[in-house]
Every structure is written in structure tokens, then in C-alpha cells.
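Chain and residue survey
Each chain is listed here by its residues.
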Amino acid sequence: MAGTRDSNETSYLLPPDSKDWEGHGIPDFVYRQKELVPEGIQWPRNAPSLLDTLPLSRFDSALCSAWRQRMELGLFRYHLGELQTQTLPGAVGFVAQLNVERGVQRRRPQNIRSVRQAFDPEQFNFNHIRPGEVLFRLHPAPIPGALQQEDILVVINVSPLEWGHVLLVPEPARGLPQRLLPGALRAGVEAVLLSSHPGFRVGFNSLGGLASVNHLHLHGYYLAHRLPVEGAPSEPLDPKGRLHLLQAPPAPGFLFYTSGPGPSLEALISRVCRATDYLTDHDIAHNLFVTRGSPPGKTSSSSTLTGVRVILWARKSSFGIKDGEAFNVALCELAGHLPVKTSQDFSSLTEAAALAIIQDCLLPPAQAEEVQSALVALTAQEEP
């Protein structure tokens, strides 16, 4: 994806000499509320390649220029070129991509046995990354009378799924386990709102939901393709429309929606984190996906990106990597983006096979009904 230059771009780049990286410091990316744009971001009517010609926001420009430089400097485990991509024939609209290098060279998952597992400073964590891997520190400009939000480090994912793949890491020195917290979710949703690219998404994998590092982080990346969950139809689960069920494939999930910054966003953050707290406390693995999308309802049109959709899936726990499958099921796969590990699987994968792999990771119907009832009850307890 092409980036546009602006007057602030160079401040996010590393010095030419790697000897100077240690003392370079972490630049700040400070954003104001007016930069959070909930409406007016649309997919081009023609080829997705036209996304490269769209003007990028200040956030996009900073992230893309710094990310590209780190790729050129060899700070990733492999060079990410243009990935072979296909939309699988069928009703779902799966976007499959061949990413052999990630399947081979990504870091092996940590030894995790519980969704509630405590942070272990002896295991790999984001306090151990190389200085050049941090792009910038993301935080909002102070608002008089408001609580100061925590800083978020934007760090390259050294085994990238796609262009601009970063990790959002809240204050790593605190040693937080991989359990979603309101400040981290707020940063993720606001990052989506800061981007003028319709395909910038953010997500979260719990422990047991294929998170490979037990240190609080979210993923963010660009994908120049529509995904099924952007406009899939949904049914309300409570009378006030605060919680919806996304029933369409790839997988049923709980849909939360915000029209943008302000009370709607704060209510969404509180609602989602109550749901993920319930799942974590009951040792139920889960994945979460944040994308621009249409309001909940019957429509299946993905052209109307009027707000932000947050989709939450409860699923079976899975620890480690299933090497025999065409892809592992985590946040992007449940949303319809399938990074495939081998050329053979990429050429032979069908929609039915992809759905079968995903279905195998979902909760049994009785447990899924129990979770749904619990989340509906939690929603009903909210203040009017």
C-alpha cells in the first residue's frame, strides 16, 4: 500500500546508523478527537488496487512510512512481498492469502494451558523486543476534566500477516496478561477511526484463542479487501439493540456497534469488556475483531461503513499450532480472512473445507447457548 508524505513523517523513522537506535527514543503520535472519523470512509467502487491512490490519514502515513522503513532495514523475520490472494467461490466471500513464510518462521507459541494464565516475566514478552521494532507511542491529546488514557506502543509484528501488521501494546512494563482491558480496546477502536483506509482492522486473541504471547496486545493490519463481517445481517438479542447475534458464516458471533466517538463508544467499550471478562473468568477462549461496517440489522450490504463493528466469538480452547490444517483459526479467520500456509492448500482450498475447519473450533451448541444467555443477562443489567 502506498503512503503519502507529510511534514511529520521523518520523526517516526529510525536513524540511518543502527548504532543510534538504542538512544533514539520512542516518538509520540498524539491525536485529537477531531481526527477520529466515523463516517465517509468507503471502499472504491472499482478494483481494490485503487486504495493505493486514496489520501491516507496522518495516522496511516506515520504507520506506513515507519513500517516500510523497518521492512527495508530487515527487522522482520521475512520480507513481505505482495501476497497471492483469491476470493474463494461461494456465498461467504472468504479472502484467502498464501503466506508460506509466516507459517514457517513465526515464533512458536508459549506454553499456555489456561485462558486465565498469569503473566510470566521469564517467558518472551514485549519488554524484550529490539529498539527498532517500536514505531511510536500512541496516545490522545489531553482533554480537560477527562481521565488521562494510558500510552500504547505501536510495534511491528515481526511475522506479518499483511501490510502494516502491528501490535498495540499498552504500557508493557506493567506486565499485563493477555486479558482484554478497556484502555486497550479503546485504543484499538480509535486506531480504526484514525485510519482513512477502509481495510485497516484491529483484533484480539485470548489465551486459548491462539494468542502466542501472554502479554497484553492487540493486532492491527491493512487488508485491501472487503470481509463478510462488515455488513453481515444480525438479530438483536436484547430489546434496546445493545447486543446482536451475527448468524451468517464464517461463524456466529456477538456483534457490538458504535457510531463513533463519545458516549456510544464508551458504552461499547464497557459492554464488550464485561463480555470478555465473563468469558475469561469462565475459562472460555475468544477472539475479537474491530472493523468499519454497517449498523446492525437485516442488510447484508458491506458498502455502507457508517460506524465501527466489534465482533466477539466464543470458541473452543486451542493451545499451540495445528500444523496439519490449511490455516489456524483466530481473529482474522473468523472474520473471513484466511492466511494459508502452503501452496498446495492455497490451490485446493474450498469454501466448504474452510467452513469445516472453522466449525471444528466453535463451542458445542449447548455451551454456545449458555454463553449467549449469560451475555444477554449481563446486557440486561446495564443502566438504562
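Residues numbered from 1 in each chain as written. Predicted model: local features only at pLDDT ≥ 70, side-chain atom pairs only at ≥ 80, totals over all residues. Heavy atoms only, no water.

Things to note about the nonpolar core
- Ranked by internal contacts, the top residues of the largest apolar core, which has 68 residues, are Phe 59, Trp 67 and Phe 136.
- Contact partners of Phe 136, with chain neighbours within four places excluded, come to Tyr 12, Ile 26, Pro 27, Phe 29, Phe 59, Ala 62, Leu 63, Ile 152, Leu 153 and Val 154. (Core = buried A, V, L, I, M, F, W, Y, C linked by side-chain atoms within 4.5 Å. Buried < 20%, exposed > 50% of the residue type's maximum accessible area, 1.4 Å probe, protein only. Contact = heavy atoms within 4.5 Å.)

Describing the pairing of strand E3 (residues 95-98)
- With burial as the criterion, each face of E3 is covered, one bearing Val 95 and Gln 97 and the other bearing Ala 96 and Leu 98.
- Pairing of E3 with strand E14 (residues 337-340) involves four bridges; the strand directions are parallel. Pairing of Leu 98 across the sheet is with Val 340, part of E14. (Helix = DSSP H or I, 4+ residues; strand = E, 2+ residues; numbered from the N terminus. Pairing = 2+ DSSP bridges.)

Some words on helix H7 (residues 351-359)
- All of the buried residues along H7 are Glu 351, Ala 354, Ile 357 and Ile 358. In a view along the axis of H7, the buried residues occupy a sector of 125°, so they form one face of it. Opposite the buried face of H7, at more than 90 degrees from it, the exposed residues are Ala 352 and Gln 359. (Arc of directions from axis to C-beta.)

Digging into the environment of Leu 36
- Among the secondary structure elements, Leu 36 is positioned in the loop between strand E1 (28-31) and helix H1 (58-72).
- Through-space distance from the C-alpha of Leu 36 to that of Ala 352 is 39 Å; in sequence the pair is 316 residues apart.
- Excluding its chain neighbours within four sequence positions, the residues that come into contact with Leu 36 are Tyr 31, Glu 190, Leu 193, Leu 194 and Pro 261.

Some points on the sheet that holds E3
- Taken in spatial order, the three strands of this open sheet run E2-E3-E14, and their pairing is mixed. Each of the sheet's edge strands pairs with one partner strand only, and the pair in question is strand E2 (85-87) and E14. Each neighbouring strand pair of the sheet contributes to a mean axis angle of 20°, computed without reference to strand direction.
- Sheet topology places E2 next to E3; three bridges connect them, and they run antiparallel. (Axes fitted to C-alpha atoms, helices over the stretch in contact; angles between N-to-C directions.)

Digging into the packing of aromatic side chains
- Applying the stated criterion to the full structure yields 10 aromatic pairs.
- Between Tyr 12 and Phe 29, the aromatic rings sit 6.0 Å apart at their centres with planes inclined by 45°, giving tilted as the arrangement. Note that Tyr 12 is positioned in the segment before E1 and Phe 29 in strand E1, a separation of 17 residues in sequence. For the residue pair Tyr 12 and Phe 29, the accessibility class agrees, reading buried in each case.
- Aromatic side chains Phe 59 and Phe 200 sit 5.7 Å apart centroid to centroid with 75° between the ring planes, which places their arrangement in the edge-to-face category. Within this pair, whereas Phe 59 is found in helix H1, its partner Phe 200 is found in strand E7 (residues 200-205), the two being separated by 141 residues in sequence.
- The buried category is assigned to Phe 59, whose relative accessible area is 2%.
- Here the aromatic cluster, defined as three or more aromatic residues joined through ring pairs, consists of Tyr 12, Phe 29, Phe 59, Phe 136, Phe 200 and Tyr 222.
- Stacked on the ring of Phe 29, the Lys or Arg Arg 58 has its end atom at 4.1 Å from the ring centre. (Phe/Tyr/Trp six-rings, centres within 6.5 Å; stacked < 30°, edge-to-face > 60°. Lys NZ or Arg CZ within 6 Å of the ring centre and 35° of its normal.)

Read these as geometric descriptors, not functional statements.
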